[in-house]
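Chain by chain, the residues:
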Amino acid sequence: MKQEERIVEPPGTGHLLARVCREYRSYVGGLLLGLGLHPGQEMVLLELLREDGLRGGELARRLRVEPPTVTRTVRRLEGCGLVDRRPDPEDARCFRVYLTPRGRSLRDPVARCWERAESNALAGLSDRERAELHRLLLRVYANLTACGREAC
């Protein structure tokens, strides 16, 4: 049998989930570029919309990324006038991040990007199928977060 004639098995569920996540994130990233944001920056903005004035370390913990990643992202957002970084009055080694009015104004446009991505990704699924997918993804997420970053 020639190489190109080989039957390729579909990827396992985990591999497929990773591919779907990558494609979804890429699609959302393209939408966010229209707002002048790069992928990941909107996640910082969303956390600050939930609770403004977070420490950099707290942002990293909530986003499940390393502190240097948050520092770089916050510096870029600060350069765009979307956030202000101020020293933490309780700990001089830390900083707190606050949304500017311009950063706060991106709440609805960012939400529309995510809504558009979801609508396009789930096109053709019934309301029942969407609800089932949501329920199953919540379970998968709970399983993974219960394990933490280490193997269970």
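How each quantity is defined
Residues numbered from 1 in each chain as written. Predicted model: local features only at pLDDT ≥ 70, side-chain atom pairs only at ≥ 80, totals over all residues. Heavy atoms only, no water. Helix = DSSP H or I, 4+ residues; strand = E, 2+ residues; numbered from the N terminus. Rg over C-alpha atoms; globule rule 2.2 N^0.38 Å. Buried < 20%, exposed > 50% of the residue type's maximum accessible area, 1.4 Å probe, protein only. Areas by Shrake-Rupley, 256 points an atom, 1.4 Å probe, with all protein chains shown as cover. Lys, Arg positive; Asp, Glu negative; His and termini not counted. Charge placed at Lys NZ, Arg CZ, Asp CG, Glu CD. Phe/Tyr/Trp six-rings, centres within 6.5 Å; stacked < 30°, edge-to-face > 60°. Lys NZ or Arg CZ within 6 Å of the ring centre and 35° of its normal. Axes fitted to C-alpha atoms, helices over the stretch in contact; angles between N-to-C directions. Parallel < 35°, antiparallel > 145°, perpendicular 65-115°, else oblique. Left-handed = near helix turned anticlockwise from the far one by under 90°. Contact = heavy atoms within 4.5 Å. pLDDT = per-residue confidence, 0-100. Polar contact = N/O pair within 3.5 Å; in protein donor to acceptor, adjacent residues only side chain to side chain. Pairing = 2+ DSSP bridges.

1. A look at the overall build of the chain
The number of helices and strands found in the chain is 7 helices and 3 strands. In sequence order, the secondary structure elements of the chain are arranged as α-α-β-α-α-β-β-α-α-α. For 152 residues, the compact-globule formula gives about 15 Å, and the C-alpha radius of gyration of the chain, at 19 Å, lies well above that figure. Taken across its 152 residues, the chain has 25% of its residues classed as buried. Surface summary for the chain: the accessible area is close to 10,900 Å², and the carbon and sulfur share equals 54%. Of note, the chain has its 27 positive side-chain charges centred 2 Å away from the centre of its 22 negative side-chain charges.

2. Describing the packing of aromatic side chains
On inspection of all chains with the given rule, the structure shows 1 aromatic pair. With 6.0 Å between their ring centres and 45° between their planes, Y24 and W114 make a pair best called tilted. Taken together, the residues Y24 in helix α1 (residues 13-33) and W114 in helix α6 (residues 107-121) connect sequence positions 90 residues apart. The exposure class assigned to Y24 is partly exposed, which follows from its relative accessible area of 24%. With a relative accessible area of 23%, W114 lands in the partly exposed category. Positioned over the ring face of F95 is R85, at 5.4 Å from the centre of the ring. In this structure, R86 is placed above the aromatic ring of Y98, and the distance from its NZ or CZ to the ring centre is 4.0 Å.

3. Some points on the packing of α1 against α6
Packed helices, taken two at a time, are described by their axes: the angle between them and the distance between them. Here α1 crosses α6 at 140°, and the two axes come no closer than 9 Å. Taken as axis vectors, α1 and α6 run oblique relative to one another. Along this stretch, α1 crosses α6, giving a crossing that reads as right-handed. Across the interface between the two elements, Y24, R25, Y27, V28, L31 and L32 from α1 touch V110, C113, W114, R116, A117, E118, N120 and A121 from α6.

4. Some details on the confidence of the model for the chain
Per-residue confidence for the chain averages 91 on the pLDDT scale, and 90% of its residues sit at or above 70. Confidence scores differ between elements of the chain, with strand β3 (residues 91-99) showing the lowest mean pLDDT of 91 and helix α5 (residues 101-104) the highest of 97.

5. What to know about the side chain of R96
Inspection of the secondary structure assignment puts R96 in strand β3. At a separation of 2.8 Å, a polar atom in the side chain of R96 contacts the main-chain carbonyl oxygen of G53. Every residue in contact with R96, bar those within four places of it in the chain, is listed here: G53, L54, R55, D84, R85, R86, D88, P89 and E90.

6. Remarks on the sheet that holds β3
The strands that make up a sheet are held in pairs by hydrogen bonds between backbone atoms, and each pair lies either parallel or antiparallel. Spatially, the 3 strands line up as an open sheet ordered β1-β3-β2, and their pairing is antiparallel. What marks the edges here is a single partner per strand, and that holds for β1 (54-55) and β2 (83-88). Relative to β3, β1 is paired through 2 bridges, and the arrangement is antiparallel. Residue pairing across strands places R55 opposite R96, the latter belonging to β3. Across the sheet, helix α2 (residues 41-50) is in contact with β1, β2 and β3; its angle to β3 comes to roughly 90°.

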